[in-house]
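These are the residues of each chain, in order.
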Amino acid sequence: MSTPNTELAIILRNHGFSRTKQRHIVFNLLLNREPMTINELYKHADKQLDRASIYRTVALFEELGIVSRITIGWKYKIELSDIFTEHHHHLSCRMCHAIIPINKDELEQFIARLAKENHFTPLEHQVEIQGYCQSCADKQTVAN
Ligand SMILES: [Zn+2]
Ligand SMILES: [Zn+2]
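This one's a predicted model, so the numbers in the text were calculated from it and none came from an experiment. (Residues numbered from 1 in each chain as written. Chains lettered and ligands numbered in written order. Predicted model: local features only at pLDDT ≥ 70, side-chain atom pairs only at ≥ 80, totals over all residues. Heavy atoms only, no water.)

Asker: Give me the coordination of the zinc ion (ligand 2): which residues, what numbers.
Answerer: Around the zinc ion (ligand 2), the protein supplies His87 (NE2), His89 (NE2), Glu108 (OE), Glu108 (OE) and His125 (NE2) as donor atoms, at distances of 2.0 to 2.4 Å. Each donor residue of the zinc ion (ligand 2) belongs to the same chain, and together they define the spacing H-x1-H-x18-E-x16-H. Of this pair, Glu108 sits in helix H5 (residues 105–117) while His125 sits in the loop between H5 and strand E5 (128–131), and the two are 17 residues apart along the sequence. Given a relative accessible area of 25%, His125 falls into the partly exposed group. (Donors = N, O, S within 2.8 Å, 3.2 Å for Na, K, Ca; no water. Helix = DSSP H or I, 4+ residues; strand = E, 2+ residues; numbered from the N terminus. Buried < 20%, exposed > 50% of the residue type's maximum accessible area, 1.4 Å probe, protein only.)

Asker: Account for a nonpolar patch on the surface, naming residues and giving values.
Answerer: Taken together, the side chains of Leu91, Ile100 and Ile129 present a nonpolar region at the surface, about 220 Å² in accessible area. By secondary structure assignment, the location of Ile100 is in strand E4 (residues 99–102). (Patch = residues over 30% accessible without salt bridge, like charges linked within 9 Å, V, L, I, M, F, W, Y side chains within 5 Å. Areas by Shrake-Rupley, 256 points an atom, 1.4 Å probe, with all protein chains shown as cover. Salt bridge = Lys/Arg side-chain N within 4 Å of Asp/Glu carboxyl O.)

Asker: Can you break down the pattern of salt bridges residue by residue, with the values?
Answerer: Counted by the stated rule, this structure contains 2 salt bridges. Residues Arg113 and Glu117 are paired through a salt bridge, measuring 3.8 Å at the closest nitrogen-oxygen approach. With a gap of 4 residues between them, Arg113 and Glu117 both fall in helix H5, about one helical turn apart. The exposure class assigned to Arg113 is partly exposed, which follows from its relative accessible area of 48%.

Asker: If you had to explain the coordination of the zinc ion (ligand 1) to someone new, which residues and values would you point to?
Answerer: Each protein donor to the zinc ion (ligand 1) is listed here as Cys93 (SG), Cys96 (SG), Cys133 (SG) and Cys136 (SG); together their distances run 2.3 Å. Here the zinc ion (ligand 1) is ringed by 4 donor atoms whose angles at the metal span 104 to 115°, and the overall shape comes out tetrahedral. (Tetrahedral: all angles 85-135°; square planar, octahedral: opposite > 155°, others 65-115°.)

The structure is reproduced here in structure tokens:
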């Protein structure tokens, strides 16, 4: 099996893009990490990249299916796509913006069955649950 960095190089090359230093940095910031906002990526990049190049790189990565966007309220976070991570979904907290990955065979089987029952050939799907994490829900109860 090829390494994530080789896989990245192949995807970029297949689309006529080279593996520049900034693409390499953004990719490695996301590798094996929690989903991040553009701002968090910028902070982690530690002045190696400016915001504009992070935006550009993330936009290209989204277009090429290298990363996916998780929307929480009016914000979004970026994570590596299913090519690089195990297929999963998220519970996202609207208050503290925590993202909890969920991975359930029952959910996948249910989605496959739904598609089949409707004579539909599924290619991909997104399941996102937005709400409050335990600690934010507790805080709200206290505040009220
Ligand atoms: Zn929370
Ligand atoms: Zn799924």
